[in-house]
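A structural walkthrough
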Amino acid sequence: MTGRVPLEAGWRVFSPGPGLFLEVLSQRMLGLRHAGEELEIDPVLDPALGTVRASVPLAGGRRADVELVCGSKGHGVAEVSVDGRALDLRPLVNPYREPGAAVRSADLHPGEGTVRLPIGTR
């Protein structure tokens, strides 16, 4: 039997199925989660990946091109910027590893173009 769970922007997770895979990839590995007025950025990646690029849905039907630059640990967010402008970060809490950070979703809308988020992990 297939279970359906409503998600943001009309997405549904069909278990087992591609929706479940996308949820694990975007929220667990890339660590990109919407939390109210914020976007939490908490990746856990193999440092050997180097730079990982993804397209993430934002409020209002916009998308952000996200660039995660993996450092030696593959986790812990050092910086988030849009068009070269550093954003204010709110550190997340994780007792087991260096945590990520959250940014205000409103800060991701500098104009009508594509939003780029180079994320440097330590």
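Preceding block: the structure.
Given the structure is predicted, the values throughout are model-derived calculations rather than measurements.

1. Some points on the overall build of the chain
Assigned secondary structure in the chain consists of one helix and 11 strands. Scored against the burial criterion, the 122 residues of the chain give a buried share of 36%. Of the contacts formed within the chain by residues at least 6 apart in sequence, a portion of 55% connects residues at least 24 apart. With the model as given, the accessible surface of the chain reaches about 7,300 Å², and the carbon-plus-sulfur share is 57%.

2. As for the sheet that holds strand β9 (residues 90–91)
Taken in spatial order, the four strands line up as β3-β4-β10-β9 in an open sheet, and their pairing is antiparallel. Of all the strands in the sheet, just β3 (32–35) and β9 have a single pairing partner and so form its edges. The sheet contact formed by β9 and strand β10 (residues 101–104) spans two bridges and is antiparallel. Bridge pairing in β10 links R90 to A102.

3. Remarks on the pattern of salt bridges
The tally for this structure, following the rule as stated, stands at seven salt bridges. R33 is paired through a salt bridge with E40; the nearest N and O atoms lie 3.4 Å apart. Taken as a pair, R33 and E40 share a single burial class, namely buried. Measuring nitrogen to oxygen at the nearest pair gives 2.7 Å for the salt bridge that ties R90 to E38. Within this pair, whereas R90 is found in strand β9, its partner E38 is found in strand β4 (residues 38–41), the two being separated by 52 residues in sequence. Residue class for E38 comes out buried when judged on its relative accessible area of 19%.

Conventions used here
- Residues numbered from 1 in each chain as written.
- Predicted model: local features only at pLDDT ≥ 70, side-chain atom pairs only at ≥ 80, totals over all residues.
- Heavy atoms only, no water.
- Helix = DSSP H or I, 4+ residues; strand = E, 2+ residues; numbered from the N terminus.
- Buried < 20%, exposed > 50% of the residue type's maximum accessible area, 1.4 Å probe, protein only.
- Contact = heavy atoms within 4.5 Å.
- Areas by Shrake-Rupley, 256 points an atom, 1.4 Å probe, with all protein chains shown as cover.
- Pairing = 2+ DSSP bridges.
- Salt bridge = Lys/Arg side-chain N within 4 Å of Asp/Glu carboxyl O.

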